[in-house]
2 protein chains.
Amino acid sequence: MTTSRLAGTELAAQEIAEVETAIARIVASRSALIPEVHQHLVQAGGKRLRPTLTIVSAKALGRCDERAVLLGAMVELTHLASLMHDDIVDNSATRRGTPSVNARWSNGVAVLAADWLIATVTCELIARGEETALAVITGAVRRMCEAELTHLEQRARTWTLSEATYLQIVRDKTGALMAAACELGGLAAEAPVEQLDALRAFGFALGMAFQIQDDLLDLTGDPETLGKPVGTDIAVGQLTLPVLHALENSTDGLLDRLRAAVTVASPDELDLPRLRALVDEAGGLEYAREAAERYVNEALSHLALLPSGPPADALRSLAERALYRDA
Amino acid sequence: MTTSRLAGTELAAQEIAEVETAIARIVASRSALIPEVHQHLVQAGGKRLRPTLTIVSAKALGRCDERAVLLGAMVELTHLASLMHDDIVDNSATRRGTPSVNARWSNGVAVLAADWLIATVTCELIARGEETALAVITGAVRRMCEAELTHLEQRARTWTLSEATYLQIVRDKTGALMAAACELGGLAAEAPVEQLDALRAFGFALGMAFQIQDDLLDLTGDPETLGKPVGTDIAVGQLTLPVLHALENSTDGLLDRLRAAVTVASPDELDLPRLRALVDEAGGLEYAREAAERYVNEALSHLALLPSGPPADALRSLAERALYRDA
């Protein structure tokens, strides 16, 4: 398995191993295809960022037991289900350096295996009396779907998206599940409402920083390190913050060249180095980097409400590293 | 709207109208695409069989109030979500005589709009303290996904499916949600456990009869009346009971001709009239009709445990009509 260790979170290593065990238990099923598909996806690894947030948040509030492990596993399984469906939406052939489920099997298998996972998470949480946790996770899923549909609508409308709408999309699409992951840690620790609010706000801001860094990596990243192709957002007609800002703020001559570089007829025609240079010239890369930094600072400000100590430091380090990651 | 009235269920007409109102309330959302997609699907109509089962079951147990209406709406929304995903799995272009959501918009929209619907049903049921009903619905969804994945696996393995496996698939794929719909009516009426069991068993048997009749209509139905093309199961390589029986029970010469008719290279090459004649010659149509009849009789036997009266008569009539429907 290629699960990469998140720096600064060694204090969650034991619980993350338990999360892996819980995930393996959950994906057992009488359809032989289900464990096969989920093993493929689980073994492709990933950073396990969301359960790490749950575990470290619970530790920050002074109580991390099997409940935090269960909720961390549930939020990761929900994330894996959303990845399977996202890869259908974006028609992606690779995920974390291995074939995506839709590519390896079919759209049908990816649809049903993810549906099964969501239903299984729901059944498991109800069986354990975790209705509040279920409401937190499902509320996040609902927002993610709304945001992705809004983003799809914008694609169809060819390049009309305000920065405010874009930021709301990112908040719901990436922030909501990270906020849920942090809140679930607080729930597992039976934290008071102000600390739950702080954890949720931390997660939202972290998600914003994380997604904007993702936008930047789609323009400037290395496909090998990322384990997926770059330029895919633009190739499918999806505006991201750097491009959006460049389109909004460039002068006439540059704007024409940018539009021409962005609105290619097919993904194959996309000249990514040229596009990157144009976006950079219009200040888009710098603007997005600054925005990501602002969200990291916002995230850090919410940590002031948590008890200080190694877990709070680990959350701080997770937020700071959202900016400097290359994968 | 083209919602067709189910014969014998006039006594549920008022509540079904309330179900429609509840459905319209639920699909309001801040993404403009969501109400648009769901209106498209809701207005395509359908028989509203599942909420009718919920309402009539509640009435049969002597208590049908807003709780039964809510649960009926939730089971229908779950059914609509599963239809959107099924149409991706089967690559279907039409549904109830109108374009399917994947055909009218895209696979991505169909994936996300259905995910949103499932999440919304979950949020709504938790908010109302209906955890038991949610567990019933979600347990059914889980079984449906497992069965569909097993069915997909069988397609890939080219024509190796035992009748026992097939019947288990049908039980989970179609029976589970009908059983849930009936059980939810009993829950809303706060029925004792033996009556909940009887309602569930009735729903399972009804679902089996219903699906086998569907299999027959895929071979013998009229596309206009059905609102969808026929021969699609075989065209995608999916064995159904009449074909399965014919393949298992025909003699050498007939078997060769059947296999040749079934294993065409592309859906366009399928000679449905010829296939139908061969299946009929091997006794497949008669065998499936008898099986459907057996399940109807089984369904009726479970009604003995319910108080007699017009609602129980309506359930009986629903089961009997599963056999004689042409759409």
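Being a predicted model, the structure only gives us computed values, none of them experimental.

Draft legend 1. Spatial organisation of the overall build of chain A. Check the secondary structure of chain A and you find 16 helices and two strands. Rg of the C-alpha trace for chain A: 20 Å, near the compact-globule value of 20 Å for 327 residues, within the 12% margin. Structurally, chain A occupies a C-alpha span of about 60 × 50 × 30 Å along its principal axes. Within chain A, the fraction of its 327 residues that count as buried is 54%. For chain A, the proportion of contacts with a sequence separation of at least 24, taken over those separated by at least 6, is 76%.

Draft legend 2. Summary view of helix 4 (residues 66-89) of chain A. Residue and element names in this part refer to chain A. Here helix 4 spans 35 Å end to end across 24 residues, near enough to the 34 Å set by a 1.5 Å rise per residue. Within helix 4, 22 of the 24 residues are buried, which leaves the element mostly enclosed by the surrounding structure. One or two residues past the end of helix 4 sits N91, with phi positive at roughly 55°.

Draft legend 3. Examining the nonpolar core more closely. Core analysis: the largest hydrophobic core is formed by 228 residues, its most contacted members being A113(A), A180(A), A209(A), A113(B), A180(B) and A209(B). Apart from the residues within four sequence positions on either side, A113(A) is in contact with I34(A), V37(A), H38(A), M84(A), V101(A) and L149(B).

Draft legend 4. Structural detail: the interface of chain B and chain A. Facing 37 residues of chain B, the contacting portion of chain A comprises 37 residues. Broken down by secondary-structure element, the contributors of at least two residues to the side of chain B that touches chain A are helix 2 (33-43), helix 4 (66-89), helix 6 (107-127) and helix 7 (131-156) of chain B.

Draft legend 5. Focus on the packing of helix 6 (residues 107-127) of chain A against helix 4 of chain B. For the pair helix 6 of chain A and helix 4 of chain B, the least separation of the axes is 8 Å and the interaxial angle reads 150°. Classed by the angle they form, the pair helix 6 of chain A and helix 4 of chain B counts as roughly antiparallel. Where helix 6 of chain A abuts helix 4 of chain B, its residues N107(A), G108(A), V111(A), L112(A) and D115(A) lie against H85(B), I88(B) and V89(B). In terms of residue class, the contact of helix 6 of chain A with helix 4 of chain B is made up of four nonpolar, three polar and one charged.

Draft legend 6. How the structure looks around unusual backbone geometry. Phi is positive for N91(A), which is not a glycine, with a value near 55°. By the secondary structure assignment, N91(A) is in the loop between helix 4 and strand 1 (94-95). Taking the number of C-beta atoms within 10 Å as the measure of exposure, N91(A) has 16 and is therefore partly exposed. Non-glycine residue E190(B) carries a positive phi angle of around 50°. Mapped onto the elements, E190(B) comes out in the loop between helix 8 (163-188) and helix 9 (193-220). Since 13 C-beta atoms lie within 10 Å of it, E190(B) is described here as partly exposed.

Draft legend 7. Examining the relation of the copies chain B and chain A more closely. Turning chain B through 180° and shifting it by 0.0 Å along the axis lays it on chain A, with an RMSD of 0.0 Å. Taken together, the rotation angle and the small translation identify this as a two-fold axis. Of the residues that chain B buries at the interface, 100% are likewise interface residues in chain A, meaning the two copies contact each other through the same surface.

Draft legend 8. Spatial organisation of the packing of helix 1 (residues 13-26) of chain A against helix 4 of chain A. Residue and element names in this part refer to chain A. Running from N to C, helix 1 and helix 4 cross one another at 60°; their axes reach a closest spacing of 9 Å. With respect to their mutual orientation, helix 1 and helix 4 come out oblique. In terms of crossing hand, the pair formed by helix 1 and helix 4 is right-handed. Contact residues: E15, E18, V19, A22, I23 and I26 in helix 1; A68, V69, L70, G72, A73, E76 and L77 in helix 4. Classifying every residue of the contact of helix 1 with helix 4 gives nine nonpolar, one polar and three charged.

Draft legend 9. Region of the structure containing the environment of T150(B). Among the structural elements, T150(B) can be located in helix 7. We classify T150(B) as buried; it has 22 C-beta atoms within 10 Å. The sequence separation of T150(B) and D86(B) amounts to 64 residues, and the corresponding C-alpha distance is 14 Å. Ignoring sequence-local partners within four residues, the contact set of T150(B) consists of S31(A) and I169(B).

Draft legend 10. Structural view of the environment of R50(A). Topologically, R50(A) is positioned in helix 3 (residues 49-60). Those residues within four positions of R50(A) in sequence are excluded, and the remaining contacts are V75(A), E76(A), H79(A), L177(A), M178(A) and A181(A).

Draft legend 11. Representation of the confidence of the model for chain A in the model. For chain A, mean pLDDT is 89; residues scoring 70 or higher make up 96% of the total. By mean pLDDT, the top-scoring element of chain A is helix 6 of chain A (97), and the lowest-scoring one is helix 11 (residues 232-235) of chain A (77).

Draft legend 12. How the structure looks around the environment of E190(A). Residue classification places E190(A) among the exposed positions, given that 12 C-beta atoms sit within 10 Å. Placed 132 residues apart in sequence, E190(A) and A58(A) show a C-alpha to C-alpha distance of 8.7 Å.

Definitions and limits used
- Residues numbered from 1 in each chain as written.
- Chains lettered and ligands numbered in written order.
- Predicted model: local features only at pLDDT ≥ 70, side-chain atom pairs only at ≥ 80, totals over all residues.
- Helix = DSSP H or I, 4+ residues; strand = E, 2+ residues; numbered from the N terminus.
- Rg over C-alpha atoms; globule rule 2.2 N^0.38 Å.
- Buried ≥ 20, exposed ≤ 12 C-beta atoms within 10 Å, placed from the backbone.
- Contact = placed C-beta atoms within 7 Å.
- Expected span 1.5 Å × (residues − 1).
- Core = buried A, V, L, I, M, F, W, Y, C linked by C-beta atoms within 7 Å.
- Axes fitted to C-alpha atoms, helices over the stretch in contact; angles between N-to-C directions.
- Parallel < 35°, antiparallel > 145°, perpendicular 65-115°, else oblique.
- Nonpolar A, V, L, I, M, F, W, Y, C, P; charged D, E, K, R; others polar.
- Least-squares fit on C-alpha atoms with pLDDT ≥ 70 in both.
- Left-handed = near helix turned anticlockwise from the far one by under 90°.
- pLDDT = per-residue confidence, 0-100.

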